[in-house]
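Coordinates in review
One letter stands for each residue in the lines below.
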Amino acid sequence: MERQSKGRGRKFLYSFSFHTLMFSIAIHGGAGTIARHLLDKEKQAAYEAGLNAALNAGFALLEAGGTALDAVTAAVVSLEDCQLFNAGKGSVFNHEGRQEMDASVMRGDNRAAGAVAGVHGVKNPIHLARAVMEQSEHVLLSGAGAEAFARLQGLAFEPDEYFFDAFRYRQYQEALAADRIQLDHSASGDRKFSTVGAVARDSQGNLCAATSTGGMTNKKYGRIGDTPVIGAGTYAHNATCAVSCTGHGELFLRQVAAHQVHCLMAYKACSLEEACRQVVMTDLVAIGGEGGLIAVDAQGNVAMPFNSEGMYRGYRSSNGKHGVFIHAE
Ligand code: ASP
């Protein structure tokens, strides 16, 4: 859009770009083998409804002038509260038959970050990760200590029944019988997913990323994946991008995947699209890292690449573009 203005008798031509004011949010509900034939219309509609509810919760805040931090928190809380996704309420069972959840959040303006690993009973681990960022002098808390901190912060806890899901329990029983540790998205049969995340750019130009997960079914020994590790599963920097990952955590950890997207943009001047493709389609593939990520850049552009069969995902921008998707478009 262009507008003319008069100043001291002279005409100045200056231009506005909606682009620089664009605010956007993108979310994911996990990546992996989403067999088309196992996803009937009803299930697909349920997943899409879950994704849309989370997108709308975050976008409504951005639209009202809210912060990227509040938007990603609201979107992730919505996904954590939805039993379909492996985070919060829908978290998978670990080897001991209980949920151990991981979550993290990061701000792109000052690179403040907070994360929790292996927490049990906390209704919304993303609230706890945010409390670590805002109310403690630490970045990453784990297990019983993190739960004690949650109680101190007055955060909500739920009994085991709240987290119980018959499908997840069956998944756990199968994994236990086969003595196999499995990614939620590599389960046999009706393959359900997975870790959730959100990234946003608000109208002030601030970027933020958040990720939350129950991790892997039948995981042992206090296993922790990429989700709560800043730089691996989550990263945000206002100059480049905000990133939230999903996939085989061990490989995303080794690739330091989220931070690598930032590095390619910062030091190699890659576009968001180029940086994301390099990480997901080349570097992760080279080491066998199945999964994907969502990312938003400093202009509000969104990228959502994945190298698996599908990724539950969606985005909405102030330029009117939006959509939720499961398989490749
Ligand atoms: N990245 C998660 C983990 O390894 C799992 C997932 O994304 O589904 O814990």
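Thresholds applied
Throughout, a residue's number is its position along its own chain's written sequence, starting from 1. This being a predicted model, a pLDDT of at least 70 is required before a residue's local features are given, and a value of 80 or more before pairs of side-chain atoms are given or counted; all residues contribute to the totals for chains, interfaces and linings. Remark: hydrogens and water are excluded; side-chain values derive from all non-hydrogen atoms of the structure. Only heavy atoms are used to decide nearness, and a residue is near a molecule or strand if one of them lies within 4 Å of it. Polar contact is the term for a pair of N or O atoms within 3.5 Å; when the atoms are in protein, one must be able to donate a hydrogen and the other to accept it, and sequence-neighboring residues count only if both atoms are side-chain atoms. Working definition of accessibility: Shrake-Rupley area with a 1.4 Å probe, residue cover restricted to the visible protein chains. Ten residue types, Ala, Val, Leu, Ile, Met, Phe, Trp, Tyr, Cys and Pro, are classed as nonpolar, four, Asp, Glu, Lys and Arg, as charged, and the remainder, Gly among them, as polar. Secondary structure is summarised from DSSP: a helix means a run of H or I of at least four residues, a strand means a run of E of at least two, and numbering begins at the N terminus for each. Residue contacts follow a heavy-atom distance rule, with two residues in contact if any of their heavy atoms lie within 4.5 Å. Pairing of aromatic rings covers Phe, Tyr and Trp, the last counted by its six-membered ring, and requires centre-to-centre distances within 6.5 Å; plane angles under 30 degrees mean stacked, over 60 mean edge-to-face, and any other angle means tilted. Two limits define a charge over a ring: the Lys NZ or Arg CZ must be within 6 Å of the ring centre, and within 35 degrees of the ring normal. Burial classes: relative accessible area under 20% of the type maximum marks a residue as buried, over 50% as exposed, and values in between as partly exposed (1.4 Å probe, protein chains only). When DSSP finds at least two bridges between two strands, those strands are taken to pair. To get an axis, fit a line to the C-alpha atoms, keeping to the stretch in contact for a helix; angles then go from 0 to 180 degrees between the N-to-C directions.

Right, let's get into the site of the ligand. Around the ligand sit eleven residues, and of these Ser-194, Thr-195, Arg-223, Asp-226 and Gly-247 come closest. Between Thr-195 and the ligand, the recorded distance is 2.9 Å, taken from a side-chain N or O atom to an oxygen atom. Take Arg-223: an N or O atom from its side chain is 2.8 Å from an oxygen atom of the ligand. In the complex, 100% of the free accessible area of the ligand, which totals 270 Å², lies under the protein chains. Its residues placed into classes, the shell around the ligand shows one nonpolar, eight polar and two charged.

Turning our eyes to something else, we now look at the environment of Val-280. For Val-280, the location among the structural elements is in helix α10 (residues 272-286). Sequence separation between Val-280 and Ser-308 is 28 residues; the distance between their C-alpha atoms is 9.8 Å. Ignoring anything within four residues of it in the chain, the contact list for Val-280 reads Val-285, Gly-291, Gly-292, Leu-293, Pro-305, Phe-306 and Asn-307.

Bringing the packing of aromatic side chains into the picture now. The description of two aromatic rings rests on the distance between their centres and on the angle between their planes. Tallied over the full model, the rule gives ten aromatic pairs. Among the aromatic residues, ring-to-ring pairing joins Phe-93, Phe-164, Tyr-169 and Tyr-172 into one connected group. Seen from the ring of Tyr-162, Lys-89 lies directly overhead, with NZ or CZ sitting 4.3 Å from the centre. In this structure, Arg-151 is placed above the aromatic ring of Phe-157, and the distance from its NZ or CZ to the ring centre is 4.0 Å.

Let us now look at the pairing of strand β16 (residues 322-327). Burial of β16 is extensive: five of the six residues sit out of reach of the surface. Pairing between strand β15 (residues 310-317) and β16: five bridges, direction antiparallel. What sits directly across from Tyr-315, in β16, is Gly-323. Hairpin geometry of β15 and β16 is characterised by an intervening segment of four residues between the two adjacent antiparallel strands and by a positive phi of about 95 degrees at Gly-320.

To continue, consider the sheet that holds strand β3 (residues 24-32). The strand order across the open sheet built from eight strands is β6-β5-β4-β9-β8-β3-β15-β16, with neighbouring strands paired in mixed fashion. For this open sheet the edge positions go to β6 (140-142) and β16, each flanked by a neighbour on one side alone. In this sheet, neighbouring strand axes are inclined to one another by 10 degrees on average, regardless of whether the strands run parallel or antiparallel. As judged from the five bridges shared by β3 and strand β8 (residues 196-201), these two strands associate in the antiparallel manner. By the bridge assignment, Ala-26 is partnered in β8 with Val-199.

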